[in-house]
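# Summary of the model geometry
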Amino acid sequence: MIGTDISHAVRILREGGIVGVPTETVYGLAAVGILEEAVLKIFEAKGRPHFDPLILHFDGIESARPYLREVPIWAQLLYQHFSPGPISFLLEKTALVPDLVTAGLPRVAIRFPDHAVLQDLLTQLQLPLAAPSANPFGYISPTTAEHVEAQLGSKIDYILDGGPCDIGVESTIIGEEEGQLIVYRKGGIPIEDITAIVGPVKVMERSSSNPVSPGLLLSHYAPRTPLRVLNEETFSNTNKGNFGYIIFGPALEEISMKDQYLLSPKRDIKEAAKNLFKCMREADAGGHDQIFIHRVPNHGLGPAINDRIQRALHSGDL
Ligand code: TXA
Ligand code: MG
């Protein structure tokens, strides 16, 4: 059931239930992160393997401290600049964090969402919320309460509606290994904004077998309909048939409007990020034999968008 009753959501969570929650990036499927029975329900509802760890969400750094061995300087700096916001920090955990949350890894991912409804909920709850994106494992992340309802509605206790997500791609995940800062997932805070604060970082490229972030699987964002990159070559070779087109820029004149899904008619990358998963869902539901999608320029949120597109391409079709 979809609603806007934050206190109701808090009650369900305290009793060990799971709730769909809005964030500025994508909707999450939340449980109290220290209740293992509740966290297990997230894995069940999503069909997610237990080796894929979850992010803990807090209303501020003071609430997070008991769950962390320390907060290094780089994390403090990035926190000051970008939290609340779409950045997750991989930091050494204390014993308060169940192994189920981190898949047995020594570090926990934490973040401070920039969404008034979720902040209100976290402040009432005064407990960490474990929340992966609220999609079935391997499918496109949800950016509205209706997306969550459509796919997981029967499996979860309540969906808190906070409107469409502002950013539209998941948080940037950053951590440190042997003195080197590493971005494990490109996301809502652009790399260049991060390097402006903490200097150079190593950026992990997508991988189908990344041992540190096992959730970063190659096909993680796949629609059911085969997807291909749209460029001049693929367009001129294949522009006949029952195809859907996800377009960056104004609509294509030679294609019927009903087959087009516009990321951003004015070529605004932020707008494209916000519309990406919605366009993928709508195209996937459009009854097409194949979907074509434009890549976007590689700056700002561009690399995060192109990363999601790359992972949504069916393997062998790169
Ligand atoms: O924007 C976001 O981050 C959204 C919203 C709901 O907060 N959450 C999200 O969660 O995208 P999820 O579970 O769909 O993706 C989290 C990623 C996974 O790829 C997981 O493998 C990685 O973070 N991750 C989480 N905890 C980790 C840990 N302790 N060590 C390594 N990777 C971790
Ligand atoms: Mg996800």
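## Some remarks on the layout of surface pockets
- Its volume calculated, the second largest pocket comes out at about 160 Å³.
- Looking at the second largest pocket, the residues that line it are Asp-166, Ile-167, Gly-188, Pro-190, Asp-193, Ile-269, Lys-270, Gly-300 and Leu-301.
- Residues that form the lining of the second largest pocket fall into these classes: 4 nonpolar, 2 polar and 3 charged.
- For the lining of the second largest pocket, the two domains that each supply at least three residues are domain 1 (2-211) and domain 2 (222-317).

## Re helix H10 (residues 269-284)
- Over its 16 residues, H10 runs 22 Å from end to end, which matches the ideal 22 Å to within 8%, given 1.5 Å per residue.
- A maximum bend of about 45° is found in H10 at Asn-275.
- Listing the buried residues of H10 in full gives Ile-269, Ala-272, Ala-273, Asn-275, Leu-276, Phe-277, Cys-279, Met-280, Arg-281, Ala-283 and Asp-284.
- Buried residues in H10 make contact with helix H7 (145-152), strand E13 (243-248), strand E14 (260-264), strand E15 (290-293) and helix H11 (302-312).
- The N-terminus of H10 is capped by Asp-268, whose side-chain oxygen sits 3.0 Å from the backbone nitrogen of Lys-270.

## So, the pattern of salt bridges
- All chains considered together, the criterion is met by 13 salt bridges.
- Residues Arg-111 and Glu-24 are paired through a salt bridge, measuring 2.9 Å at the closest nitrogen-oxygen approach. A residue pair is termed long-range when its members are at least 10 positions apart, and Arg-111 in strand E6 (residues 107-111) and Glu-24 in the loop between strand E2 (19-21) and strand E3 (28-32) qualify at 87 residues.
- Note that Asp-307 and Arg-308 form a salt bridge whose closest N and O atoms lie 2.9 Å from each other.

## A closer look at the domain arrangement of the chain
- Taken as a whole, the chain is organised into domain 1 (2-211) and domain 2 (222-317).
- Using only C-alpha atoms to locate each centre, domain 1 and domain 2 end up separated by 27 Å.
- At the interface, 23 residues of domain 1 touch 20 residues of domain 2.
- Buried area between domain 1 and domain 2, summed over both chains or domains, comes out near 1900 Å², and the portion from carbon and sulfur atoms is 56%.
- Connecting domain 1 to domain 2 are 2 salt bridges.
- The partner of Arg-308 in a salt bridge is Glu-170, with the nearest N and O atoms 2.9 Å apart.

## Some remarks on the nonpolar core
- Phe-89, Ile-110 and Ile-174 are the most contacted members of the largest nonpolar core, which has 45 residues in total.
- The element that contributes the greatest number of residues to this core is helix H2 (residues 36-46), accounting for 5 residues.
- Here Ile-110 is in contact with Ile-55, Leu-56, Phe-58, Ala-64, Leu-68, Ile-87, Ser-88, Phe-89 and Leu-91, once residues within four sequence places are set aside.
- Val-26, Tyr-139, Leu-276 and Ala-312 belong to the second largest nonpolar core, which has 27 residues in total.

## Some details on the sheet that holds strand E12 (residues 227-229)
- Strands sit in the order E12-E15-E13-E14 across an open sheet of 4 strands; the sheet is parallel. At either end of the open sheet lies a strand with only one pairing partner, and these are E12 and E14. Mean inter-strand twist for the sheet, computed between neighbouring axes without regard to direction, equals 20°.
- Sheet topology places E13 next to E14; 4 bridges connect them, and they run parallel. Residue pairing for E14: Phe-248 is matched across the bridge by Ser-264.
- Most of the contacts of H10 go to E14, to which it runs at about 160°, and overall it touches E13, E14 and E15.

What counts as what
- Residues numbered from 1 in each chain as written.
- Chains lettered and ligands numbered in written order.
- Predicted model: local features only at pLDDT ≥ 70, side-chain atom pairs only at ≥ 80, totals over all residues.
- Heavy atoms only, no water.
- 1 Å grid on protein atoms, 1.4 Å probe; cavity = no way out; pocket = protein on both sides within 12 Å on 5 of 7 lines; lining within 4 Å.
- Points joined across faces, edges and corners; volume = space filled by probe spheres on them.
- Nonpolar A, V, L, I, M, F, W, Y, C, P; charged D, E, K, R; others polar.
- Domains from an automatic or database assignment.
- Helix = DSSP H or I, 4+ residues; strand = E, 2+ residues; numbered from the N terminus.
- Expected span 1.5 Å × (residues − 1).
- Bend = angle between axes of the 7 residues up to and from the residue.
- Buried < 20%, exposed > 50% of the residue type's maximum accessible area, 1.4 Å probe, protein only.
- Contact = heavy atoms within 4.5 Å.
- Polar contact = N/O pair within 3.5 Å; in protein donor to acceptor, adjacent residues only side chain to side chain.
- Salt bridge = Lys/Arg side-chain N within 4 Å of Asp/Glu carboxyl O.
- Buried area = accessible area lost by both parts, 1.4 Å probe.
- Core = buried A, V, L, I, M, F, W, Y, C linked by side-chain atoms within 4.5 Å.
- Pairing = 2+ DSSP bridges.
- Axes fitted to C-alpha atoms, helices over the stretch in contact; angles between N-to-C directions.

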